[in-house]
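A look at the structure
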Amino acid sequence: MEGNIPEFPANQLLRPWLAAMLLIVGCLFIYHESLASGFVMFDDDINFVYNQDFGPLNGIRLRWIATEHSVMMRYVPVGWFVCCAIASIGGLDPFWFHLASLVLHACACVVFYFVLARVAHWFGPRESTQATARRLSLLPFVCAAVWGWHPLRVETVAWVTTLIYLLATLLGLMALGLFLRSLEKPPPCRGARSMSVILFAAALLSHPAAMAFFPLLAACAVVWQLQNGDRSSPGGFARVRGLGKTLLPFAIAGVLDLAVTLAVRQLGSVVPQAATPSLDEFGIAQRLAQTSAVLVHFIGKTLWPSSLSPAYPLLETVTPTSPLFFLSVVACAVLLVASVLLLRRQAKIGLFAVATLAAAAPFLGWQEHPFYPSDRYTHIPSLGLVLCLLAAVYVSRGARRIVLGVLPAIIGGLLPLFVVLSLR
């Protein structure tokens, strides 16, 4: 399936290498103070400080890594391997773990920039003037910076336990980037596709949260078909079958990891865990109210990142008829209906919107009560939100005019504000 990919003007306002350097420098400036931090006596002590099995790599520890599941209640051998490799360099000195977290996040920002640039490369827009196209060429950098420098990223970068989140995010973004590249090759590039599947599996084995990348992969594959598909090629079932064949290896990796994760939870943990409430103890209405409130909370903190906290105890008691939860359910219903309408009217935007909701679903606390929302749960789903906004700018002329009008304010006001809030 050969695509007709529009070219950006050669005289872009920001060269890719310069954009990458600015993202890295921004991350170093914002998060450098974390290098002087220690371990947090909240999971860091259990996972690293007092974990007698954890330490530098050796033969015995490699066998432990291959079978460990009880400390984090997840099977994350790639994550444990990287953490033990860091311990091989600096022992239990937290500086090296914070340095690794900072490097992983900076690299993720750069990879995400190139993913956004490739998606923008798909869309064009073809009818734009050279001046408009040059201004639009700034959007991938601005979007990557908004994501990478957002105050909600601070917890994930500054907390040693979430280092495996950062690792999973980087590997997942690399998988996504190679997947996009493989779609553009006529015929599809098998080498890039195979490496993408391997990186996706490695991301899952770093942290199961990487499962959130699957709906993003699926959305990108469908958007590619809609944007660049050969109109004369067979449609209907043949296209669906081709899409299923493309995504099948990723789906198999995801299902296997989900099965392992569920099995590990049944085996138990070295740390006492609260039992999963039954439907009699925590009913469907309460679960729906709780997940809706969590989603609204995450969207609210993304739009207005103030009063951030490691945990938010707003859901200790869930009363579906109270204003907070009732209005949250209504807001989520409106959001879902809007996403479905977008699928029908602006399919490319709607696909990324639905993919974002699907990516956020595992982090909304459907099975847990009490559930404490955490900033790190926005880390991967927010990638989908940025892709959705980028698609909206390129697909919708109205959105494009608005964004181009406020772009100087975003660069000169919003990004510095995020830097200040993140530093604080």
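Here's what I pulled together on the structure shown here.

**Description of the overall build of the chain**
Along the backbone of the chain there are 17 helices and 0 strands. Taken against the 2.2 N^0.38 rule, which gives 22 Å for 424 residues, the C-alpha radius of gyration of the chain at 22 Å falls within 12% of a compact globule. Taken along its principal axes, the extent of the C-alpha atoms in the chain is 60 × 50 × 45 Å. By sequence separation, contacts in the chain at least 24 residues apart represent 80% of the contacts at least 6 residues apart. Summed over its atoms, the accessible surface of the chain is roughly 19700 Å², and 67% of this surface lies on carbon and sulfur atoms. Averaging the locations of the 28 positively and 19 negatively charged side chains of the chain gives two centres separated by 16 Å.

**Here's the deal with unusual backbone geometry**
Cis geometry is found at the peptide bond from His369 to Pro370, where omega equals -5°. Here Pro370 is to be found in the loop between α15 (347-360) and α16 (381-395). Of note in the backbone geometry, Asp43 takes a positive phi value of approximately 80° without being a glycine. For Asp43, a relative accessible area of 30% puts it in the partly exposed group. With a phi angle near 55°, Met73 is a residue other than glycine that sits in the positive phi range.

**Digging into the nonpolar core**
Counting residues in hydrophobic clusters, the biggest one holds 120 residues, and the most contacted among them are Leu23, Trp80, Phe112 and Trp149. With 16 residues, helix α5 (residues 94-123) is the largest single contributor of residues to this core. Aside from chain neighbours lying at most four places away, what touches Trp80 is Asn47, Phe48, Asn51, Phe54, Trp64, Ile65, Glu68, Val71 and Met72.

**A short note on the packing of helix α14 (residues 323-345) against α15**
Closest axis-to-axis distance for the α14/α15 pair is 6 Å, and the angle between their directions is 145°. In this structure, the crossing between α14 and α15 has a hand that is left-handed. Residues Leu335, Leu336, Ser339, Leu342, Leu343 and Arg345 of α14 pack against Ala347, Ile349, Gly350, Leu351, Ala353, Val354 and Leu357 of α15. Residues that form the contact of α14 with α15 fall into these classes: 10 nonpolar, 2 polar and 1 charged.

**Some thoughts on the layout of surface pockets**
Counted as a void, the second largest pocket has a volume near 1200 Å³. Together, 45 residues line the second largest pocket, and Thr302, Leu303, Leu385, Val386 and Leu389 are the ones closest to its centre. Taken together, the elements giving at least two residues each to the lining of the second largest pocket come down to α7 (139-149), α13 (284-303), α14, α15, α16 and α17 (397-423). It is α17 that provides the largest number of residues to the lining of the second largest pocket, a total of 10 residues. Among the residues making up the lining of the second largest pocket, the classes are represented as 37 nonpolar, 7 polar and 1 charged.

**What about the packing of aromatic side chains?**
Scanning the entire structure with this criterion turns up 19 aromatic pairs. Ring centres of Phe48 and Phe97 lie 5.7 Å apart, and the angle between their planes is 50°; on these two criteria the pair is classed as tilted. Of this pair, Phe48 sits in helix α2 (residues 44-49) while Phe97 sits in helix α5; the two residues are 49 residues apart in sequence, bridging distant segments of the chain. By way of ring pairs, the aromatic residues Phe39, Phe48, Phe54, Trp64, Trp80 and Phe97 are connected into one cluster.

**Re α17**
Bending of α17 peaks at approximately 50° at the position of Ile410. Where α17 is concerned, the buried positions are Arg400, Val403, Leu404, Leu407, Leu415, Phe418, Val419 and Ser422. Elements that come into contact with the buried residues of α17 comprise α1 (16-31), α6 (130-136), α7, α8 (154-158) and α16.

**Focus: the side chain of Thr291**
Tracing the chain through its elements places Thr291 in helix α13. Dropping the residues within four chain positions of it, Thr291 is found in contact with Leu364, Gly365 and Trp366.

**Points about the state of the cysteines**
Inspection of the entire model under this criterion finds 0 disulfides. Unpaired in terms of disulfides, Cys83 finds its nearest cysteine sulfur in Cys84, a separation of 7.0 Å.

**Comments concerning the packing of α5 against α7**
Following both chains from N to C, one finds α5 and α7 inclined at 145°, their axes separated by 8 Å at the closest point. In the packing of α5 onto α7, the handedness of the crossing is right-handed. Residue-level inspection shows His105, Ala108, Cys109, Phe112, Tyr113, Leu116, Ala117 and Ala120 of α5 in contact with α7, the latter providing Pro140, Phe141, Cys143, Ala144, Trp147 and Gly148. Residues that form the contact of α5 with α7 fall into these classes: 12 nonpolar, 2 polar and no charged.

**Topic: the side chain of Arg61**
Along the polypeptide, Arg61 turns up in helix α3 (residues 59-67). Although Arg61 is buried, it makes no salt bridge; Asp53 carries the closest opposite charge, 6.4 Å away. Engagement of the side chain of Arg61 in a polar contact is seen with the backbone oxygen of Asp53, the distance being 2.7 Å.

About the criteria used
- Residues numbered from 1 in each chain as written.
- Predicted model: local features only at pLDDT ≥ 70, side-chain atom pairs only at ≥ 80, totals over all residues.
- Heavy atoms only, no water.
- Helix = DSSP H or I, 4+ residues; strand = E, 2+ residues; numbered from the N terminus.
- Rg over C-alpha atoms; globule rule 2.2 N^0.38 Å.
- Contact = heavy atoms within 4.5 Å.
- Areas by Shrake-Rupley, 256 points an atom, 1.4 Å probe, with all protein chains shown as cover.
- Lys, Arg positive; Asp, Glu negative; His and termini not counted.
- Charge placed at Lys NZ, Arg CZ, Asp CG, Glu CD.
- Buried < 20%, exposed > 50% of the residue type's maximum accessible area, 1.4 Å probe, protein only.
- Core = buried A, V, L, I, M, F, W, Y, C linked by side-chain atoms within 4.5 Å.
- Axes fitted to C-alpha atoms, helices over the stretch in contact; angles between N-to-C directions.
- Left-handed = near helix turned anticlockwise from the far one by under 90°.
- Nonpolar A, V, L, I, M, F, W, Y, C, P; charged D, E, K, R; others polar.
- 1 Å grid on protein atoms, 1.4 Å probe; cavity = no way out; pocket = protein on both sides within 12 Å on 5 of 7 lines; lining within 4 Å.
- Points joined across faces, edges and corners; volume = space filled by probe spheres on them.
- Phe/Tyr/Trp six-rings, centres within 6.5 Å; stacked < 30°, edge-to-face > 60°.
- Bend = angle between axes of the 7 residues up to and from the residue.
- Disulfide = S-S within 2.5 Å.
- Salt bridge = Lys/Arg side-chain N within 4 Å of Asp/Glu carboxyl O.
- Polar contact = N/O pair within 3.5 Å; in protein donor to acceptor, adjacent residues only side chain to side chain.

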